[in-house]
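Listed below are the residues making up each chain.
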Amino acid sequence: MNSLTKKISFSAMFAAMVFGLTMLHVPIGAGGYIHIGDAVIYVAALLLGAPWAFIAAAIGAAFADIASGFASYALASVIIKVLIALPFVIIRKKDGRLLTVLSALMTLISGAVTVLGYFLADLVLYRAGAVADIPANLVQAVGSAAVFIALAFALDKADIKKRFEKGIQ
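This is a predicted model, so every value here is computed, not measured.

Colleague: So what exactly am I meant to see when it comes to the overall build of the protein chain here?
Modeller: Regarding its fold elements, the protein chain presents seven helices and two strands. Counting helices and strands in the order they occur from the N terminus, the protein chain gives α-β-β-α-α-α-α-α-α. Over its C-alpha atoms the protein chain spans a radius of gyration of 15 Å, differing by no more than 12% from the 15 Å that the globule rule assigns to 169 residues. Dimensions of the protein chain, computed from the C-alpha atoms along their principal axes, are close to 50 × 30 × 25 Å. When burial is assessed residue by residue, the protein chain has 46% of its 169 residues classed as buried. Long-range pairs, those at least 24 residues apart, make up 73% of the contacts in the protein chain with a sequence separation of at least 6. For the protein chain, the exposed surface amounts to about 8,100 Å²; the carbon and sulfur share of it is 75%. Between the averaged position of the 13 positive side-chain charges in the protein chain and that of its 8 negative side-chain charges there is a distance of 11 Å.

Colleague: Looking at this structure, how should I read the pattern of salt bridges?
Modeller: Two side chains carrying opposite charge are able to pair once their charged atoms lie near each other. Taken as a whole and judged by the stated rule, the model has two salt bridges. Aspartate 38 is the salt-bridge partner of lysine 81, the closest N and O atoms lying 2.7 Å from each other. Taken together, the positions of lysine 81 in helix H4 (residues 74-91) and aspartate 38 in helix H2 (residues 37-48) put the pair 43 residues apart, joining distant regions of the chain. Judged by its relative accessible area of 2%, lysine 81 falls in the buried class. Taking relative accessible area as the criterion, aspartate 38 reaches 0% and is therefore assigned buried.

Colleague: What am I meant to see in helix H5 (residues 101-125) here?
Modeller: Side chains that are three or four residues apart share a direction in an α-helix, a result of its 3.6 residues per turn. Given a rise of 1.5 Å per residue, 25 residues ought to cover 36 Å, and the 36 Å separating the end C-alpha atoms of H5 matches this to within 8%. For H5, the full list of buried residues reads Ser103, Met106, Thr107, Ser110, Gly111, Thr114, Val115, Gly117, Tyr118, Ala121 and Asp122. Contacts made by the buried residues of H5 are with H2, H4 and helix H6 (134-157). At the exit of H5 stands arginine 127, carrying a positive phi of roughly 40 degrees.

Colleague: Even after reading the chapter, I still don't get the packing of H5 against H6, so can you show me in this structure?
Modeller: Two quantities define a packed helix pair, namely the angle between the axes and the distance from one axis to the other. Packing of H5 against H6 leaves a shortest axis separation of 9 Å and a crossing angle of 155 degrees. Comparing the axis directions of H5 and H6 gives the class roughly antiparallel. H5 and H6 meet at a crossing whose hand is right-handed. Across from Ser103, Ala104, Thr107, Gly111, Thr114, Val115, Tyr118, Phe119 and Asp122 in H5, the residues of H6 making contact are Ile134, Asn137, Leu138, Gln140, Ala141, Ala145, Phe148 and Ile149. Here the residues of the contact of H5 with H6 sort into ten nonpolar, six polar and one charged.

Colleague: Looking at this structure, I do not really get the side chain of serine 103. What am I missing?
Modeller: Tracing the sequence through the fold places serine 103 in helix H5. Taking relative accessible area as the criterion, serine 103 reaches 1% and is therefore assigned buried. A polar contact of 2.7 Å, which involves the side chain of serine 103, links it to the backbone oxygen of leucine 98.

Quick notes on the rules
Residues numbered from 1 in each chain as written. Predicted model: local features only at pLDDT ≥ 70, side-chain atom pairs only at ≥ 80, totals over all residues. Heavy atoms only, no water. Helix = DSSP H or I, 4+ residues; strand = E, 2+ residues; numbered from the N terminus. Rg over C-alpha atoms; globule rule 2.2 N^0.38 Å. Buried < 20%, exposed > 50% of the residue type's maximum accessible area, 1.4 Å probe, protein only. Contact = heavy atoms within 4.5 Å. Areas by Shrake-Rupley, 256 points an atom, 1.4 Å probe, with all protein chains shown as cover. Lys, Arg positive; Asp, Glu negative; His and termini not counted. Charge placed at Lys NZ, Arg CZ, Asp CG, Glu CD. Salt bridge = Lys/Arg side-chain N within 4 Å of Asp/Glu carboxyl O. Expected span 1.5 Å × (residues − 1). Axes fitted to C-alpha atoms, helices over the stretch in contact; angles between N-to-C directions. Parallel < 35°, antiparallel > 145°, perpendicular 65-115°, else oblique. Left-handed = near helix turned anticlockwise from the far one by under 90°. Nonpolar A, V, L, I, M, F, W, Y, C, P; charged D, E, K, R; others polar. Polar contact = N/O pair within 3.5 Å; in protein donor to acceptor, adjacent residues only side chain to side chain.

Next up, the structure:
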């Protein structure tokens, strides 16, 4: 199997994982929900890089919004999820591990993008519920960061990043 086929396949796999972990959600406020799909986006960004992680994040999140009855958020989710993957894509080659001090710090940037992005989306879509959804979006961001840290730690113990990079070439 050639490298392009492998990248497309892994991107599809990560899109499915983002979709699945986003579908396991708790509804909140004016029209959103709390989920941990973002943790998979962080891992995908560190393993796949651009543009494959962006594609996985956008497709997984948009389809989850559509399937959950929140299609009005699909476009916002595409933009926000690409933006939350970006910090991890930027630091991707810095280390042979997924969990580093830098990657843990990137969860703060991505979490802030999540909260601000969905605040702006709520302003456009629902106005009145925008401020009310901030606490739930903070919980989502913190939860995704915690799950990412635990998941990255476990994947590092299995030396996944090095194995993945060898296998995708």
